[in-house]
Amino acid sequence: MTNRFPPLTTIDGLPRRVLVFAPHPDDEVLGCGGALALPARRGDHVRVVVVSDGAAGGDALVRTAEARLASEILGVSEWAQLGLKDGALERDPTLVEVLRRELEENKPELVYGPSPFELHSDHRALCAALAAALQSSGACRVHLYGVNRQVPANFLLDTTPVAEQKARALSAFESQRAKIDLVGKAEAFDRAYTVNVEDPAVERAEGFMALDGDAVQAYRAQVVFSLLDGGDEGGKSSEVRSGASAVISTWNKLDDVRANLEGLRAQTHPFEQIIVVDNASQDGTAAMINLEFPEVHLIVMPHSRCGACETFNIGFAAVQTELTAILDDDVVLPPNWL
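Let me begin by describing the structure that accompanies this report.

Cut-off values and rules
- Residues numbered from 1 in each chain as written.
- Predicted model: local features only at pLDDT ≥ 70, side-chain atom pairs only at ≥ 80, totals over all residues.
- Heavy atoms only, no water.
- 1 Å grid on protein atoms, 1.4 Å probe; cavity = no way out; pocket = protein on both sides within 12 Å on 5 of 7 lines; lining within 4 Å.
- Points joined across faces, edges and corners; volume = space filled by probe spheres on them.
- Helix = DSSP H or I, 4+ residues; strand = E, 2+ residues; numbered from the N terminus.
- Buried < 20%, exposed > 50% of the residue type's maximum accessible area, 1.4 Å probe, protein only.
- Pairing = 2+ DSSP bridges.
- Right-handed = clockwise from strand over helix to strand, strands pointing away.
- Expected span 1.5 Å × (residues − 1).
- Bend = angle between axes of the 7 residues up to and from the residue.
- Arc of directions from axis to C-beta.
- Contact = heavy atoms within 4.5 Å.
- Polar contact = N/O pair within 3.5 Å; in protein donor to acceptor, adjacent residues only side chain to side chain.
- Nonpolar A, V, L, I, M, F, W, Y, C, P; charged D, E, K, R; others polar.
- Salt bridge = Lys/Arg side-chain N within 4 Å of Asp/Glu carboxyl O.

### Focus: empty space enclosed by the protein
Then step 1. Under the definition given, this model contains one cavity of 30 Å³ or more.
Then step 2. In this structure, the largest cavity occupies an estimated 60 Å³ of space.
Then step 3. Along the walls of the largest cavity sit Val96, Ala128, Ala129, Ala132, Arg220, Ile289, Asn290, Phe293, Pro294, Val296 and Leu298, which together make up its complete lining.
Then step 4. Taken together, the elements giving at least two residues each to the lining of the largest cavity come down to helix 4 (121–134) and helix 10 (285–292).
Then step 5. By residue number, the principal contributor to the lining of the largest cavity is helix 4, which donates three residues.

Now the structure itself:
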């Protein structure tokens, strides 16, 4: 039997124009701080973009200042914050467009973003939006990182030389360290990636799923489908939220689905979740949803052999609210329906 441990490597062969997307202040350091410090030492251009305002985790201004200090410690070239609402990225209709703009304006050769295995909804929403934005933004390499959960890595980077630097960057987040041992837990996280590394000099590593940019969408869809299909207990949160979710099953009704989703977006009492199960449509339905409705939890079936009952059940498995609205794909709800 062939072992499949990811090979330990260095930054020698990596592109030198780097763009990093983080859902919240500190995620960029936790998930890939070593992978940022190493190219910064080499003189590469590294831009960090924090997408949310971080307000759900404490004082937004304090967290911004901490993230700026951490970026200086890592030596990154540029730091920016988009200021979208923390905790609501999955419902933000502008998310795909702002990511696409960043990609087009900065023309990165290597992009870092959160993986679809993440447990926080903002992290998963950013992964989904990044996958959609990459579809039309040219060729680049992508490294998906883990914060809440380790990534099934195919690329293992030795970050031992910058371990102390990463720890100092994490120490900058004093408001968060009051609640959680960021430095200690990040050390344990990175040490765990070295479990199959025989060289005793390698004490820290960061693991990534390395993909071509145009392959991220398919990879994410495969992961989401496998989690909802029972391949991993992490696919569905055990926490049930108040409110309602809308579940739609569709096949080759692009225009109808667009009108449906516009009606759901216009609800005076918004849905907590909107879930669409696309039964492998051939008319561009999935691409349209990713582009125009990034707040939607989209599940793309690997084939169209399943009927409506089965695809609806897959959608129901993703529901995290007390109430579920079962919707045909060709209805348009009035704004006060919910």
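So that's the structure; there's more coming.
### Description of the pairing of strand 2 (residues 17–22)
Then step 1. With five of its six residues buried, strand 2 lies for the most part within the structure.
Then step 2. Note: strand 2 against strand 3 (residues 45–52), six bridges, orientation parallel. Within strand 3, the residue paired with Ala22 across the bridge is Val50.
Then step 3. The β-α-β motif built from strand 2, the intervening helix 1 (residues 27–42) and the parallel element strand 3 has right-handed crossover chirality.
Then step 4. With three bridges joining them, strand 2 and strand 5 (residues 110–114) adopt parallel strand pairing. The residue bridging Val18 from the neighbouring strand is Leu110, located in strand 5.

### Brief notes about helix 1
Because each turn of an α-helix spans 3.6 residues, side chains separated by three or four positions end up pointing in the same direction.
Then step 1. With 16 residues, helix 1 should cover 22 Å at 1.5 Å per step; its first-to-last C-alpha distance of 22 Å lies within 8% of that length.
Then step 2. The largest bend in helix 1 amounts to roughly 80 degrees and is located at Gly33.
Then step 3. Of all the 16 residues making up helix 1, 14 are buried; the element is thus mostly covered by neighbouring parts of the structure.
Then step 4. With its phi angle positive at about 95 degrees, Gly43 sits one or two positions after the end of helix 1.

### With respect to helix 7 (residues 182–192)
Then step 1. Of the positions making up helix 7, those classed as buried are Leu182, Ala186 and Asp190. The buried residues of helix 7 occupy an angular sector of 55 degrees when the element is viewed end-on, so they sit on one face.
Then step 2. Where helix 7 is buried, its residues touch helix 1, helix 5 (163–171), helix 6 (174–177) and strand 8 (205–212).

### Things to note about unusual backbone geometry
Then step 1. Within the chain, Asn252 stands out as a residue other than glycine whose phi angle is a positive 55 degrees.
Then step 2. Along the chain, Asn252 turns up in the loop between strand 9 (241–250) and helix 9 (254–265).
Then step 3. Judged by its relative accessible area of 29%, Asn252 falls in the partly exposed class.
Then step 4. In the Ramachandran plot, Ala280 falls in the positive-phi region, its phi being about 60 degrees despite a non-glycine side chain.
Then step 5. Its place among the elements puts Ala280 in the loop between strand 10 (273–278) and helix 10.

### Quick look at the side chain of Gln165
Then step 1. Assignment of secondary structure puts Gln165 in helix 5.
Then step 2. A polar contact is formed between the side chain of Gln165 and the side chain of Arg41, at a distance of 3.3 Å.
Then step 3. Non-local contacts of Gln165, meaning those with residues more than four positions away in its chain, are made with Ala37, Arg41, Ile73, Leu74 and Gly75.

### Focus on the pairing of strand 7 (residues 155–158)
Then step 1. Alternating positions in strand 7 separate into two faces, Phe155 and Leu157 on one and Leu156 and Asp158 on the other, with burial throughout.
Then step 2. Of the strand pairs in this sheet, strand 1 (residues 8–9) and strand 7 are connected by two bridges, and their pairing is parallel. Across the sheet, residue Thr9 finds its bridge partner in strand 7, namely Leu157.
Then step 3. Pairing geometry for strand 7 and strand 8, over four bridges, is antiparallel. Following the sheet pairing, Phe155 is matched in strand 8 by Phe208.

### Quick notes on the layout of surface pockets
Then step 1. Here the second largest pocket is characterised by a volume of approximately 450 Å³.
Then step 2. Along the walls of the second largest pocket sit 19 residues, with Asp26, Asp27, Leu30, Val147 and Asn148 positioned nearest its centre.
Then step 3. Looking at the lining of the second largest pocket, the elements with two or more residues in it are helix 1 and helix 7.
Then step 4. Looking at side-chain class alone, the lining of the second largest pocket contains seven nonpolar, six polar and six charged residues.

### Focus on the pattern of salt bridges
Then step 1. Tallying each qualifying case throughout the model produces 17 salt bridges.
Then step 2. Close ionic contact of Asp44 with Arg42 constitutes a salt bridge, the shortest N to O distance being 2.6 Å.
Then step 3. Here Asp44 falls in the buried class, since its relative accessible area comes to 4%.
Then step 4. Across the pair Lys166 and Asp190 runs a salt bridge whose closest N-O atoms are separated by 2.7 Å. Taken together, the positions of Lys166 in helix 5 and Asp190 in helix 7 put the pair 24 residues apart, joining distant regions of the chain.
Then step 5. Residues participating in the shared-partner salt-bridge network are Arg16, Arg42 and Asp44.

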